[in-house]
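Chain residues, written in single-letter form:
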Amino acid sequence: MTSSAPRSEQSAPTANAMRRALRRARDGVALDVAEAAVLLRARGADLEDLCASAARVRDAGLEAAGRPGVITYSKSVFIPLTRLCRDKCHYCTFATVPGKLRRAGHGMFMSPDEVLAIARRGAELGCKEALITLGDKPEERWPEAREWLEAEGYDDTIAYVRAISIRILEETGLLPHLNPGIMTWTDFQRLKPVSPSMGLMLETTATRLWSEPGGPHYGSPDKEPAVRLRHLEDAGRSSVPLTSGLLLGIGETYEERAESLFALRRVSRAYHGIQELILQNFRAKPDTAMRGMPDAELDELVATVAVARHIMGPSACLQAPPNLVDDEYARLIGAGIDDWGGVSPITPDHVNPERPWPQIEELAERSAAAGFSLRERLCVYPEFIQRGEPWLDPRLLPHVRALADPETGLAREDAVVEGRPWQEPEEVFVPSGRTELHRTIDTEGRTADRRDDFDEVYGDWEALREAAAPGMVPERIDADVRQALKQAADDPTRLTDPEALALLHADGPALDALCRIADDLRRDVVGDDVTYIVTRNINFTNVCYTGCRFCAFAQRRTDADAFTLSLEQVADRAQQAWDVGAVEVCMQGGIHPDLPGTAYFDIARAVKERVPGMHVHAFSPMEVVNGATRTGLSIREWLTAAKEVGLDSIPGTAAEILDDEVRWVLTKGKLPTATWVEVVKTAHELGIRSSSTMMYGHVDQPRHWLGHLRLLAEIQRETGGFTEFVTLPFIHTNAPVYLAGIARPGPTTRDNRAVTAMARLLLHPHIPNIQTSWVKLGTEGAAEMLRSGANDLGGTLMEETISRMAGSSYGSYRSIRDLVAIAETAGRPARARTTLYGEVPRERQEAALTSDGHLPELLPVLGND
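All values reported here derive from a predicted model rather than from experimental measurement. (Residues numbered from 1 in each chain as written. Predicted model: local features only at pLDDT ≥ 70, side-chain atom pairs only at ≥ 80, totals over all residues. Heavy atoms only, no water.)

This part is about the overall build of the protein chain. Each helix and strand counted, the protein chain has 35 helices and 21 strands in total. For 865 residues, the compact-globule estimate of 2.2 N^0.38 gives 29 Å, and the protein chain sits close to it at 29 Å. In terms of overall dimensions, the protein chain has a C-alpha envelope of 85 × 60 × 55 Å along the principal axes. Burial analysis of the protein chain (865 residues in total) assigns 63% to the buried set. Here the analysis covers contacts within the protein chain between residues at least 6 apart in sequence; of these, 78% occur between residues at least 24 apart. Just so you have it, the protein chain exposes about 31500 Å², and 49% of that area is on carbon and sulfur atoms. The distance from the centre of the 97 positive side-chain charges to the centre of the 126 negative ones in the protein chain is 2 Å. (Helix = DSSP H or I, 4+ residues; strand = E, 2+ residues; numbered from the N terminus. Rg over C-alpha atoms; globule rule 2.2 N^0.38 Å. Buried < 20%, exposed > 50% of the residue type's maximum accessible area, 1.4 Å probe, protein only. Contact = heavy atoms within 4.5 Å. Areas by Shrake-Rupley, 256 points an atom, 1.4 Å probe, with all protein chains shown as cover. Lys, Arg positive; Asp, Glu negative; His and termini not counted. Charge placed at Lys NZ, Arg CZ, Asp CG, Glu CD.)

What follows covers the confidence of the model for the protein chain. It should be kept in mind that the predicted coordinates are not to be read in detail where pLDDT is low. For the protein chain, mean pLDDT is 90; residues scoring 70 or higher make up 91% of the total. Per-residue pLDDT stays below 50 along residues 1-5; that stretch engages in 21 contacts with residues further than four places along the chain or on separate chains. In this model, residues 858-865 is a region of pLDDT below 50 whose contacts with residues beyond four sequence positions or in other chains number 13 contacts. (pLDDT = per-residue confidence, 0-100.)

Turning to helix 14 (residues 360-369), its buried residues number three or more, namely I360, L363 and S367. Buried residues of helix 14, seen end-on, are gathered within an arc of 55° and therefore sit on one face of the element. Helix 14 presents E361, E365 and A369 as exposed residues on the side facing more than 90 degrees away from its buried surface. Note on helix 14: the residue one or two positions beyond its end, G371, has a positive phi of about 90°. (Arc of directions from axis to C-beta.)

For the rest of this paragraph, the subject is helix 20 (residues 481-490). One turn of the α-helix equals 3.6 residues, which is why residues spaced by three or four share an orientation. Those residues of helix 20 not exposed but buried are A484, L485, Q487 and A488. What you see down the axis of helix 20 is that its buried residues fit within an arc of 165°, all on one side. Those residues of helix 20 that are exposed and aimed more than 90 degrees away from the buried face are R482 and D490. On its buried face, helix 20 is in contact with helix 21 (497-504), helix 22 (508-526) and helix 31 (749-762). Measuring from the backbone nitrogen of R482 back to the side-chain oxygen at the start of helix 20 gives 2.7 Å, which picks out D480 as the cap. (Polar contact = N/O pair within 3.5 Å; in protein donor to acceptor, adjacent residues only side chain to side chain.)

Right, let's get into empty space enclosed by the protein. Applying the stated criterion across every chain, the model contains 5 cavities of 30 Å³ or more. As a volume, the second largest cavity reaches approximately 330 Å³. Lining of the second largest cavity is provided by 23 residues; of these, Q189, K192, I591, N626 and R630 occupy positions nearest its centre. Counting residues per element, the ones that place at least two in the lining of the second largest cavity are helix 8 (185-191) and helix 25 (621-631). Looking at the lining of the second largest cavity residue by residue, the class counts come to 10 nonpolar, 7 polar and 6 charged. (1 Å grid on protein atoms, 1.4 Å probe; cavity = no way out; pocket = protein on both sides within 12 Å on 5 of 7 lines; lining within 4 Å. Points joined across faces, edges and corners; volume = space filled by probe spheres on them. Nonpolar A, V, L, I, M, F, W, Y, C, P; charged D, E, K, R; others polar.)

Next up on the list: the pairing of strand 5 (residues 242-248). The element strand 5 is largely enclosed, with a buried count of 7 among its 7 residues. Of the two faces of strand 5, both are covered, the one formed by L242, S244, L246 and L248 as well as the one formed by T243, G245 and L247. Across 2 bridges, strand 4 (residues 197-199) lies against strand 5 in parallel orientation. Following the sheet pairing, M198 is matched in strand 5 by L242. Looking at chain direction, strand 5 and strand 6 (residues 274-281) are connected through 7 bridges and run parallel. For T243, the partnering residue across the bridge sits in strand 6 and is E276. This β-α-β element, strand 5 to helix 11 (residues 254-271) to strand 6, shows right-handed connectivity. (Pairing = 2+ DSSP bridges. Right-handed = clockwise from strand over helix to strand, strands pointing away.)

Enumeration according to the criterion identifies 62 salt bridges in this entry. A salt bridge links E300 to R257, with the nearest nitrogen and oxygen atoms 3.0 Å apart. Of the two residues, E300 sits in helix 12 (residues 298-312) while R257 sits in helix 11, which places them 43 residues apart along the sequence. Judged on exposure class, the residue E300 and its partner R257 are both buried. Between R556 and D559 there is a salt bridge, with its nearest N and O atoms 2.9 Å apart. Salt bridges sharing partners connect three or more residues here, namely R230, E233, D234, R237 and R266. (Salt bridge = Lys/Arg side-chain N within 4 Å of Asp/Glu carboxyl O.)

Attention shifts here to the packing of aromatic side chains. In this structure the tally under the stated criterion is 14 aromatic pairs. Taking the centre distance of 5.5 Å and the plane angle of 80° together, the rings of Y329 and W340 count as edge-to-face. Highlighted residues: Y329 in helix 13 (residues 329-335) and W340 in strand 8 (residues 339-343), separated in sequence by 11 residues. Taken together, the ring pairs in this structure connect F540, Y600, F601, F619 and W638 into an aromatic cluster. (Phe/Tyr/Trp six-rings, centres within 6.5 Å; stacked < 30°, edge-to-face > 60°.)

So, on to the packing of helix 5 (residues 112-124) against helix 7 (residues 157-171). One way to put it is that helix 5 packs onto helix 7 with a least axis distance of 10 Å and a crossing angle of 40°. In terms of orientation, helix 5 and helix 7 fall into the oblique class. The crossing of helix 5 and helix 7 is right-handed. Along the contact surface, helix 5 presents P112, V115, L116 and R120, while helix 7 presents Y160, I164, R167, I168 and E171. For the contact of helix 5 with helix 7, the class distribution of residues is 6 nonpolar, no polar and 3 charged. (Axes fitted to C-alpha atoms, helices over the stretch in contact; angles between N-to-C directions. Parallel < 35°, antiparallel > 145°, perpendicular 65-115°, else oblique. Left-handed = near helix turned anticlockwise from the far one by under 90°.)

Close contact between helix 24 (residues 599-610) and helix 26 (residues 635-645) brings their axes to 8 Å; oriented N to C, the two are set at 20°. One way to sum up the angle between helix 24 and helix 26 is to call them roughly parallel. Seen along the crossing, helix 24 lies across helix 26 with a hand that is right-handed. Residue-level inspection shows Y600, F601, A604, R605 and K608 of helix 24 in contact with helix 26, the latter providing W638, A641, A642 and V645. Here the contact of helix 24 with helix 26 is composed, by residue class, of 7 nonpolar, no polar and 2 charged.

Along the polypeptide, K192 turns up in the loop between helix 8 and strand 4. In this structure, the C-alpha to C-alpha distance between K192 and A303, residues 111 residues apart in sequence, is 35 Å. The residues touching K192, leaving out its near neighbours within four places in the chain, are M198, S238, S239, V240, P390, W391, L392, D393 and L396. Within the local environment of K192, its side chain forms a polar contact with the backbone oxygen of S238, the two atoms lying 3.5 Å apart. Within polar-contact distance, the side chain of K192 engages the backbone oxygen of P390 at 2.7 Å.

The following block contains the structure:
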């Protein structure tokens, strides 16, 4: 590779094409990729025209944001936590090898003392940002990095980043802005509580620059564009304010550069989480493979800034590093930037050490000469400070508010930069809101059918509609249904995927035959008894900021229907349930930002202390991950601790559809499939059994159901930990994704019968118990599923708010007589069971029969003072 100028896949644009693209930019018409690629080649008078229109767009955005004529920067220190990296970028001088570090007298990582010395010096000089930059996953390439982490007591680099960030917050008051490279969804959950913002440069979406020998990213696994885009999306799903951007002039074409900008716009539109874009021009460095390539010309950078402004729009924040542009500050301001990035009075730019930062006073003078006043911001942009939750973790809010102007969200010039405690909110379990919602949901109902932040909290609905469209296209079925039915009757374990898919689409007489086959198999495997459990649901809070688009249960803490129970109220509910014969409490709640990761331990302990004999079936995989990441424990460590304080089993909820194509339409911030699987497998390995579930009938298709059921069977073959499979038909009435016109209105009766029957066949012989949901289907619907392969009715519940908030009309509880009647409607006997499908002790049976398994109507909700 010999040139950093973009290669053109076509001839230079015609004068007519340039005039047309410039006119569309001037008129504010949305550009497409081809027009953007044309404008990236604007030079001379054309470039001046492009910059003038881009500057007008920028100025309109600053006016709307309440800071006209302001250009910002962040006063920071640059902390290179480690220069070891598993990637081999051909232009990089930041990354090095262990031997060079040893010869220079450095450790594999900076020590806490070294980090804190820089941070304290920065605090003394009024810096407010600690920019922590490091190589990608160094322990996966360098044994020396792994040995250092192990010797210091850290499981991985992310654990050290988290620990040092807490110390920076507590001991210096600087706000960590983290650039640890590619992270998983779980990594974001681990670091979000300790950092108000993070960063990852997209650099380019040109895959060939990564995949082809000689390319600048060849041999660097973390530079694959698809991986980096997934990182950006996971940040958005996790509500992490993220800095990203492009590296210009590393061999990409103009078309590829334009495509990269549109990829960034797509992510920004979908999640509203990209806080700024850095547009950085390539500078060749000695002792690198690309040392002979010419630097990206200033015109390239200026044109790209202007095009980016047009593509990203007036509200975007665009940055160009001032130390990489010589003295051409005015040209960049004229092209549409509104930020100079981090500028440090004490540390060099370790990525571009040959290019010193300008003095802040000089930057202010140059900005003023271009008609702009220079204002300091924090590492997290004002918009996200003003948004508050869920973008800023409650543990960070005191640190951010101490440094931010409450009116503008910019940095307070008079702020004292000093360490403050990083701790969980006090008084977590304070009863608040509609703590009686489990009763009044059936009488008074919910306050409104949707939250008033409906248009913002779930991401961009139009972008979501585009993302959902491919997955909702029905597939062609080529397999013979009659042959598939024959195979199902002979040996369902040998059904091929095409045959199973054909049966999942079955209707009419074929569906009737399928259900008969499934029901016959049910009889052979578990007999005729319909089982049920006397249980009570306890939803300890519905405050949640995860942003699941199918969920009508989640509320903000200030919403009229929000509630949080105290520990005493949770224990009171468990005691009430025990008194009327319950053998189990099922406890789940929203991902409340104030709840520490240990709160779940407190809940389980409170129940066990009050009612030692009660089986605690609690905490979905999402809650498990939330608890683990908030405490800094691994999933295994957290589950082990939960088991020690009384957790007996976990619900296999939060599964929805175990296919990320569907999950990322259904939910903004819930855990991905791989993490759900990790939690469930880990629980099973620890002897904590779980149910398994599937929510269907929204933006999914039968092919997704098949994949989901196959995955559950695979897990069960490996662990044997699932107690049952629960069908969960989608309740659409108040679901945001339905109200937005994206999801269909729940499954049809045909869908319900096919899913129940195929669950029986595809999970055989691994999961023998198939549960149907009376809450979602009602009496007749549940009875029909009992004739289609199901053998279990679930529980009495006693209270139920999740489905009722979504719009289910089938009530919040069923008595034992009610459940027996459903079984009789299907022509079958009924009997009680325990969580693990064992026999219920006689004393429990008698207590349940005396009360008929539900709370007396006038029994008060205790502890609700």
